[in-house]
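Residue-level structural notes
Chain by chain, the residues:
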Amino acid sequence: MIRPSRPDEGTRFIEIWRGAVDATHDFLTTEDRLAIDEMVCGFLPQAPLWLAVDENDHPLAFMLIDEGHMEALFVDPARRGTGIGAALVKHGLARHPRMTTDVNEQNDQAVRFYERMGFRRTGRSPIDGQGRPYPLIQLEYVN
């Protein structure tokens, strides 16, 4: 099931984020990983997220969309490959048919995932949104 987040679930969002980043973002330096963690802990618990939850209403993954741009999609590493991420993306696309997102170029699994979902490359930035040297691939969904 997919539903909006609630304010009391912030700790779980951080758990999912940390687990997913540790599983997929091995290219981050320790210093950058810690700085990003601090930033994420400051905003993620209050962010308006879409959640994929299990039969007990326990969050398994989340997605953040801001004005048609998917800012974040993170899946509990124990649930990767089960279709949860794809379900969240489809949910987002139902609301934003031309949804865009950015993905770290070094995260090959994510790049392939989005391309399988129908996203196409529209650009590249040599740095991430905070000016760090982690190139981003810009993507847009194309029917």
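It should be emphasised that the depicted structure is a prediction, and the values quoted were computed from it without experimental measurement. (Residues numbered from 1 in each chain as written. Predicted model: local features only at pLDDT ≥ 70, side-chain atom pairs only at ≥ 80, totals over all residues. Heavy atoms only, no water.)

**A word on the overall build of the chain**
Within the chain one finds four helices and seven strands. In sequence order, the chain lays out its α and β elements as β-α-α-β-β-β-α-β-α-β-β. Its C-alpha atoms give the chain a radius of gyration of 14 Å, near enough to 15 Å, the size a compact globule of 143 residues would have. For the chain, buried positions account for 50% of its 143 residues. In the chain, 58% of the contacts between residues at least 6 apart in sequence involve partners at least 24 apart. With the model as given, the accessible surface of the chain reaches about 7,700 Å², and the carbon-plus-sulfur share is 50%. Computing the positive centroid from 16 side-chain charges and the negative centroid from 22, the chain places the two 7 Å apart. (Helix = DSSP H or I, 4+ residues; strand = E, 2+ residues; numbered from the N terminus. Rg over C-alpha atoms; globule rule 2.2 N^0.38 Å. Buried < 20%, exposed > 50% of the residue type's maximum accessible area, 1.4 Å probe, protein only. Contact = heavy atoms within 4.5 Å. Areas by Shrake-Rupley, 256 points an atom, 1.4 Å probe, with all protein chains shown as cover. Lys, Arg positive; Asp, Glu negative; His and termini not counted. Charge placed at Lys NZ, Arg CZ, Asp CG, Glu CD.)

**Re the UniProt feature "domain: N-acetyltransferase" (unreviewed entry) in the chain**
Mapped onto this structure's residue numbering, the UniProt feature "domain: N-acetyltransferase" (unreviewed entry) falls at residues 1-143. With 35% helix and 28% strand, the stretch residues 1-143 has end C-alpha atoms that lie 24 Å from each other. (UniProt positions renumbered as here; feature names shortened; annotations may be inferred.)

**A word on the pattern of salt bridges**
Using the criterion set out here, one finds 14 salt bridges in the structure. In this structure, Asp76 engages Arg12 in a salt bridge whose closest nitrogen and oxygen atoms are separated by 2.7 Å. Of this pair, Asp76 sits in the loop between strand E4 (69-75) and helix H3 (84-95) while Arg12 is found in helix H1 (residues 10-24), placing the two residues 64 residues apart along the sequence. Considered together, Asp76 and Arg12 belong to a single accessibility category, that of buried residues. The residue Arg132 makes a salt bridge to Asp32 at a minimum N-O spacing of 3.4 Å. Highlighted residues: Arg132 in the loop between strand E6 (119-125) and strand E7 (136-141) and Asp32 in helix H2 (residues 30-43), separated in sequence by 100 residues. Asp32 matches Arg132 in its accessibility class, with the two residues each being buried. One continuous salt-bridge network, built from bridges that share partners, spans Arg3, Arg6, Asp8, Glu9 and Asp57. (Salt bridge = Lys/Arg side-chain N within 4 Å of Asp/Glu carboxyl O.)

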